[in-house]
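Take a look at the letters that make up each chain.
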Amino acid sequence: MHAPLTGIFLIAELTGGYSLLLPLMIVSVSSYLTIIIFEPHSIYGSRLAKEGKLLTHHTDHAVLTLMNLESVIDRDYMAVEAGTELGQIVNQVSRSRNRVLPVLDGAGTLLGEVDIVHIRKVLFRIELYHHFTAAQLMEEPVATLLDTAPMSSVMKTFERTGAEWLPVVDTSNHLKGYISRQRLYTLYRKMVHDMSED
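Throughout what follows, the structure given in this document is the object of discussion. If you're wondering where the values come from, they're calculated on a predicted model, not measured in any experiment. (Residues numbered from 1 in each chain as written. Predicted model: local features only at pLDDT ≥ 70, side-chain atom pairs only at ≥ 80, totals over all residues. Heavy atoms only, no water.)

Let's shift gears to a nonpolar patch on the surface. Together, Val29, Leu33, Ile35, Ile36, Ile37 and Phe38 make up an exposed nonpolar region whose accessible area comes to about 590 Å². By secondary structure assignment, the location of Ile37 is in helix α2 (residues 21–38). (Patch = residues over 30% accessible without salt bridge, like charges linked within 9 Å, V, L, I, M, F, W, Y side chains within 5 Å. Areas by Shrake-Rupley, 256 points an atom, 1.4 Å probe, with all protein chains shown as cover. Salt bridge = Lys/Arg side-chain N within 4 Å of Asp/Glu carboxyl O. Helix = DSSP H or I, 4+ residues; strand = E, 2+ residues; numbered from the N terminus.)

The next thing to look at is the packing of helix α1 (residues 4–15) against α2. Helix packing geometry: the angle between the two helix axes and the distance between the axes. One way to put it is that α1 packs onto α2 with a least axis distance of 9 Å and a crossing angle of 145 degrees. Here the hand of the crossing between α1 and α2 comes out right-handed. Contacts between α1 and α2 pair Pro4, Ile8, Ile11 and Ala12 from the former with Leu21, Leu24, Met25, Ser28 and Tyr32 from the latter. Among the residues making up the contact of α1 with α2, the classes are represented as eight nonpolar, one polar and no charged. (Axes fitted to C-alpha atoms, helices over the stretch in contact; angles between N-to-C directions. Left-handed = near helix turned anticlockwise from the far one by under 90°. Contact = heavy atoms within 4.5 Å. Nonpolar A, V, L, I, M, F, W, Y, C, P; charged D, E, K, R; others polar.)

So, about the nonpolar core. Soluble globular proteins tend to pack their nonpolar side chains together in the buried interior. Leu69, Leu145, Val154, Phe158, Ile179 and Leu184 are the most contacted members of the largest nonpolar core, which has 18 residues in total. The leading source of residues in this core is helix α9 (residues 151–161), at four residues. (Core = buried A, V, L, I, M, F, W, Y, C linked by side-chain atoms within 4.5 Å. Buried < 20%, exposed > 50% of the residue type's maximum accessible area, 1.4 Å probe, protein only.)

Among the six residues that make up strand β7 (residues 175–180), five are buried, leaving the element largely enclosed by the rest of the structure. Across two bridges, the pairing between strand β1 (residues 73–74) and β7 is antiparallel. Its bridge partner being in β7, Asp74 is matched across the sheet by Tyr178. Note: strand β6 (residues 165–169) against β7, five bridges, orientation antiparallel. Of the residues in β7, the one forming a bridge with Val169 is Leu175. Taking the residues between adjacent antiparallel strands as the criterion, β6 and β7 are bridged by five residues, where Asn173 takes a positive phi near 70 degrees. (Pairing = 2+ DSSP bridges.)

What follows is the structure, encoded as structure tokens:
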């Protein structure tokens, strides 16, 4: 239980052996120091710790535990299909807020991404509008995020890749939306600030 004082008082009260209080304290402290080596969480907190939902006195970890992946997913994205021609892609780019257009199949599965910056050499060449399709222009995303991933894993992925936007997919690789690094870090800093004030 990670509760040495509870053990001391409970046993002393049940047995009435107050004369053995000192040896009881030594045994209780020894057992407590032994168990924290093998199991850092009590029986009450171990399941929450395994699920990544245990709040601790560490502000950073507590904030990441409280953050919800669903609340930062941007579902307002413009998608194209693999057969979409460059001319139609340019039309989608003009209406999109993001620099990346996801390429999806009919079932909504993420096939790749068309990065506007990477295709800028052909983007405004009208004579090529019927020569290229999204399948030819798309690239693999630098990383994808599972919709069940803990926020600590999401933050580590952003740090590792240095990406500004990352796609969120379910276990079947169906696109759920995108997460913006800027939006994520803004929310994180706000929550850290609010928690520090409390």
